[in-house]
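# Geometric and topological summary
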Amino acid sequence: MNEFFQQSVNALSLGSTYALLALGLAIVFSILGMINFAHSELLTLGGYALWGLTAAGVPFLFAALGAIVAAGLIAVLMERIAFRPFRGSGPVTLLITSFAVGFLIQSLLSLSASEEPAHAVAIPDWLSSTVNLFGLNVPALQLVTMAVTAACLAAVVLFLKRTLLGVAMRAAADDFDVVRLMGVRADRVVAAAFALSGALAGVAAVLAVAQAGSVDPTTGVSPTIKAFIAVVLGGLGSLGGAVAGGLLLGALEVLLQATLPDAWLPYRDALVLTLVVIVLLARPSGLLARRSTAEAAI
Amino acid sequence: MGAFTKLVPVWLLRALAGAALLALLLALVALVGGGGSSSLQDATVLLLINVVLVTGLQVFTGNSGIVSFGHLAFAGVGAYLAAILTLEPVLKAGYIDGLPTFLADAHLDLWPAIAVAVAFTVLVALVLSFALLRLDGGAAVIGTLALLLAANTVFSAASGITRGAGGLATIPRETTIGVALIGAIGAVVVARIFRESAVGLRLRASSGDALAAGSIGVDVRAARRWAWLLSAAICAVGGALLAHRQTVVAPSNFYLQPTFLLVAMLIVGGMRTVSGAVVGAAVVTAIQQGVLPLEDHALHLGPLDLDRLTGLTQVVLVLAILLAMAWRRRGLAGDHELDEALVRAVRDHRPRTPDPPSLRTPSEIPDV
């Protein structure tokens, strides 16, 4: 029972990071039909912002807030500078452009960080301690991760349901042209989507860096690849699907980590992907697919 | 001519003529590079191997329009299997301990080893195709990325066969310029024939509009599967040649960084044509070889104070991609193969013959 509880906490906290990243990817995809391959660099840059601010003596909580805002701003800038000129020029162009932008940021970071590849980030004691919960020792960071993720998801839902901009974003995911005919400014909706997507990546960055204790130019790559897979697992373009996919992927990883024999452990990621593929064989458009579009019929 | 074109269809002639032109260019590159210094020879071999790999990727991505990040997984399978087959059994004993006996005892020459590696890779690709080719659009792209991740996990984990992250070493160095040239020409010929074939034409139609292609009776999924298998085979050859060039293969040779290079080559050259793949491989390899030595230099520029320029190559290549996206979205080669572009250029420069009289106005009709 204790083992089960501990593993459930592990699964939820790992899945939370994936869910935050996947949700950010899905928000942008649902509106622009674009897979943002530079998303991992939002996470990395958020981590660097956290490192910079804490190193400058800013208290951790304010530094975390600063990192989240920074990631959101960088996402908006990225869209404004790199993606807007290509808007409407087809998914492949946008995909390649974001892929190139991501690699550009990553290589500029490694160019400037060649002396000191990884920067250690000071994590406050309360975050790296363990909490006694129902007679079990649970790392405080895992509890914080779950609580923060839940709060973020609630905030995103409230934003999308209760605010005008949020409603416009949901409508834009259905039919951008009609939304524009209603007098909503397209640029504002897209900028809001990127800001939200970036801020969520910033939250994930704070949580991931607090877990790892350091940040380097490739910090964001591995979690974001997992988030891509989570997005497809949940159903590309579905926001609920992205969150569900993230949580399920986290659960699968922890389940295999706990149950696989030692000899099989190195193969964990490949086995997780095999399970994902089996799910996709049954449901090619994902678990919570959006109303199937004409393209899905092929 | 009439009887001949019955025997060999026109599309095949056109494909072979186009491939011959590219083969001529590749042979020229090999000849010039082969006469140079040893580092130039080495760069030439790398260029020719890159031509094989990019051409393999082009067969799938260029014709279907689905960007694949997963094709180096096939190159990896081909590389490891071919390397294991060419290694002497004496060297394998104790060094690679997870091999089944028939592989541990096997000792083949390069080309038979490549043939076996290709056959096995195609089998792997066939199994994967049932899962991956069901996905469409963005999901398919992410599916290929997942394939790359899964392959990397397996290459790293199966240390009894691949020697894990440290890499499999002592592979015989058998990829000479001649061998690489044969590989590159073979890849270009196969890719060009596929592009002009009926299946290739159907697939290209589906990349423009999959729904419309389906509605006129194109079996989009079957066409994609043919391209997938063929491209996996070509990439396996490329991987095997790579393994026998650098004598060491590690999982990182088939992961994100090299995938970025491969995609850069395809995008800069132009993914719609085989000529584009060749041009892209040449340009990107040249940039890479030119910039790489600069990474060891220090840069002291005002506030900038860098001891090493790690990643400079990537920065330059990314800028090349972004420039291509901004000004030549279809790559250097554009929409036409080299031979097609030549024919068009000649046709456009020929003095126009006046249009034959077709309709006469009533006043011109002579009275009878």
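Residues numbered from 1 in each chain as written. Chains lettered and ligands numbered in written order. Predicted model: local features only at pLDDT ≥ 70, side-chain atom pairs only at ≥ 80, totals over all residues.

Each helix and strand counted, chain B has 17 helices and two strands in total. Seen through its principal axes, chain B has C-alpha atoms that stretch 100 × 60 × 45 Å. Put simply, of all contacts in chain B between residues at least 6 apart along the chain, 78% involve residues at least 24 apart. (Helix = DSSP H or I, 4+ residues; strand = E, 2+ residues; numbered from the N terminus. Contact = placed C-beta atoms within 7 Å.)

Looking only at helices and strands, one finds twelve helices and four strands in chain A. Computed over its C-alpha atoms, the radius of gyration of chain A comes to 19 Å, within 12% of the 19 Å expected for a compact globule of 298 residues. Taken over the C-alpha atoms alone, chain A extends approximately 60 × 50 × 40 Å along its principal axes. Out of the 298 residues belonging to chain A, those deemed buried represent 49%. Excluding contacts between residues fewer than 6 apart, the proportion of contacts in chain A whose partners are at least 24 apart in sequence is 73%. (Rg over C-alpha atoms; globule rule 2.2 N^0.38 Å. Buried ≥ 20, exposed ≤ 12 C-beta atoms within 10 Å, placed from the backbone.)

Time to look at the nonpolar core. Generally speaking, nonpolar side chains in soluble globular proteins are found buried as a group. Judged by nonpolar contacts, the single largest core of 210 residues is most densely connected at A22, L23, L50, A67 and A71 of chain A together with A236 of chain B. In terms of residue count, helix α9 (residues 186-212) of chain A provides more of this core than any other element does, 17 residues in total. Excluding its chain neighbours within four sequence positions, the residues that come into contact with A71 of chain A are L42, L45, G46, A49, G198, A199, A201, G202 and A205 of chain A. (Core = buried A, V, L, I, M, F, W, Y, C linked by C-beta atoms within 7 Å.)

On to the interface of chain A and chain B. Opposite the 38 residues of chain A that make contact, chain B presents 42 residues. At the level of secondary structure, the elements contributing two or more residues to the side of chain A that touches chain B comprise α4 (91-112), α10 (221-234) and α12 (268-282) of chain A. Sorting elements by how many residues they give to the side of chain A that touches chain B places α4 of chain A first, with 14 residues. Here the residues of the side of chain A that touches chain B are counted per class, giving 30 nonpolar, five polar and three charged. (Nonpolar A, V, L, I, M, F, W, Y, C, P; charged D, E, K, R; others polar.)

To continue, consider the environment of L309 of chain B. Residue and element names in this part refer to chain B. Along the chain, L309 falls in the loop between β2 (304-306) and α16 (312-327). Looking at L309, the number of C-beta atoms within 10 Å reads 19, which means it is partly exposed. Linking L309 and D97, residues 212 residues apart in sequence, is a C-alpha distance of 40 Å.

Residues and elements named next belong to chain A. Between helix α2 (residues 39-55) and α10, whose axes approach to 8 Å, the crossing angle comes to 140°. With respect to their mutual orientation, α2 and α10 come out oblique. Where α2 crosses over α10, the handedness of that crossing is right-handed. On the side of α2, the interface is formed by H39, S40 and L43, while α10 contributes V221, P223 and T224. When grouped by side-chain class, the residues that make up the contact of α2 with α10 number three nonpolar, three polar and no charged. (Axes fitted to C-alpha atoms, helices over the stretch in contact; angles between N-to-C directions. Parallel < 35°, antiparallel > 145°, perpendicular 65-115°, else oblique. Left-handed = near helix turned anticlockwise from the far one by under 90°.)

Residue and element names in this part refer to chain A. UniProt records the feature "transmembrane region" (unreviewed entry) for residues 12-38, 50-78, 90-109, 140-160, 189-213 and 225-252 in the present numbering. In this annotation, residues 12-38 is assigned 78% helix and 0% strand; the end-to-end C-alpha distance for the span is 25 Å. Spanning residues 189-213, this segment combines 96% helix with 0% strand, and its end C-alpha atoms are found 35 Å apart. (UniProt positions renumbered as here; feature names shortened; annotations may be inferred.)

With that out of the way, let us pick up the environment of A106 of chain B. By the secondary structure assignment, A106 of chain B is in the loop between α6 (101-104) and α7 (110-132). Along the chain, A106 of chain B and I66 of chain B lie 40 residues apart, while their C-alpha atoms are 38 Å from each other.

Attention now moves to the pairing of strand β2 (residues 130-133) of chain A. Residue and element names in this part refer to chain A. Pairing of β2 with strand β3 (residues 136-139), which is carried by four bridges, proceeds in the antiparallel orientation. Paired with V131 across the two strands is V138, which belongs to β3. Linking β2 back to β3 in an antiparallel pair, the connection comprises two residues, with F134 at a positive phi of about 50°. (Pairing = 2+ DSSP bridges.)

The next point concerns the environment of V141 of chain B. Looking at the secondary structure, you find V141 of chain B in helix α8 (residues 137-157). In this structure, the C-alpha to C-alpha distance between V141 of chain B and V67 of chain B, residues 74 residues apart in sequence, is 5.9 Å. If near-sequence neighbours (up to four positions away) are discounted, V141 of chain B is found in contact with I35 and L95 of chain A together with I66, V67 and F69 of chain B.

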